[in-house]
Amino acid sequence: MGLFGGMMGNASGMDPQAAAKEFGRLLAQGEQIHAAYQLIRDSLIFTDRRLILVDKQGVTGRKIEYHSYPYRSITHFSVETAGTFDLDAELKFWVSSMPEPVSHQFGKGVDVYEVQALLSTFVAR
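For the protein, the name recorded in an unreviewed UniProt entry is PH domain-containing protein, with Saccharopolyspora ipomoeae as its organism.

Now the structure itself:
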């Protein structure tokens, strides 16, 4: 992923094994990472139990906020594909306790249908 794409908030795919190595301390016993996406500093991690958003803050990125959304709390979601002039896809999901959706953009290198399939698998249980 290029620097410009990252600055614009576009996520790119991340190797699940690398994500497990970096974020393994966040996982419950037996929890597995199925897919991960990387922004310049932030990450989205899809496990078999929840969606984890890693928000690195401040100039140095040493302050980190971890958002954990159990799939059962996601009421619905939408995935918007990239278009001719709009080069990035977008994921939005609504959590039962929040009126506004959580939104993230993906660069054209990410298979947005894979993201949709992951959410369908875990949210529709």
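Having seen the model, we can carry on.
A. Main features of the pairing of strand S3 (residues 43-47). Burial runs high along S3: 5 of the 5 residues are buried. Every second residue of S3 is oriented toward a common face, with Ser43, Ile45 and Thr47 on one face and Leu44 and Phe46 on the other, all of them buried. As paired strands, strand S2 (residues 33-38) and S3 are joined by 5 bridges and run antiparallel to one another. Along S3, the bridge assignment pairs Gln38 with Ser43.

B. The nonpolar core, seen in detail. Formed by 21 residues in total, the largest nonpolar core has its most connected members in Tyr37, Phe46, Leu91, Phe93 and Phe106. Secondary structure elements with two or more residues in this core: S2, S3, strand S4 (50-57), strand S7 (89-95), strand S8 (102-106) and helix H3 (112-123). In this structure, Leu91 is in contact with Leu44, Phe46, Ser78, Val79, Val102, Ser103, His104, Phe106, Val115 and Leu119, ignoring residues within four places of it in sequence. Counting 9 residues, the second-largest nonpolar core is a separate cluster that includes Met14, Ala36, Ile45 and Val54.

Quick notes on the rules
- Residues numbered from 1 in each chain as written.
- Predicted model: local features only at pLDDT ≥ 70, side-chain atom pairs only at ≥ 80, totals over all residues.
- Heavy atoms only, no water.
- Buried < 20%, exposed > 50% of the residue type's maximum accessible area, 1.4 Å probe, protein only.
- Helix = DSSP H or I, 4+ residues; strand = E, 2+ residues; numbered from the N terminus.
- Pairing = 2+ DSSP bridges.
- Core = buried A, V, L, I, M, F, W, Y, C linked by side-chain atoms within 4.5 Å.
- Contact = heavy atoms within 4.5 Å.

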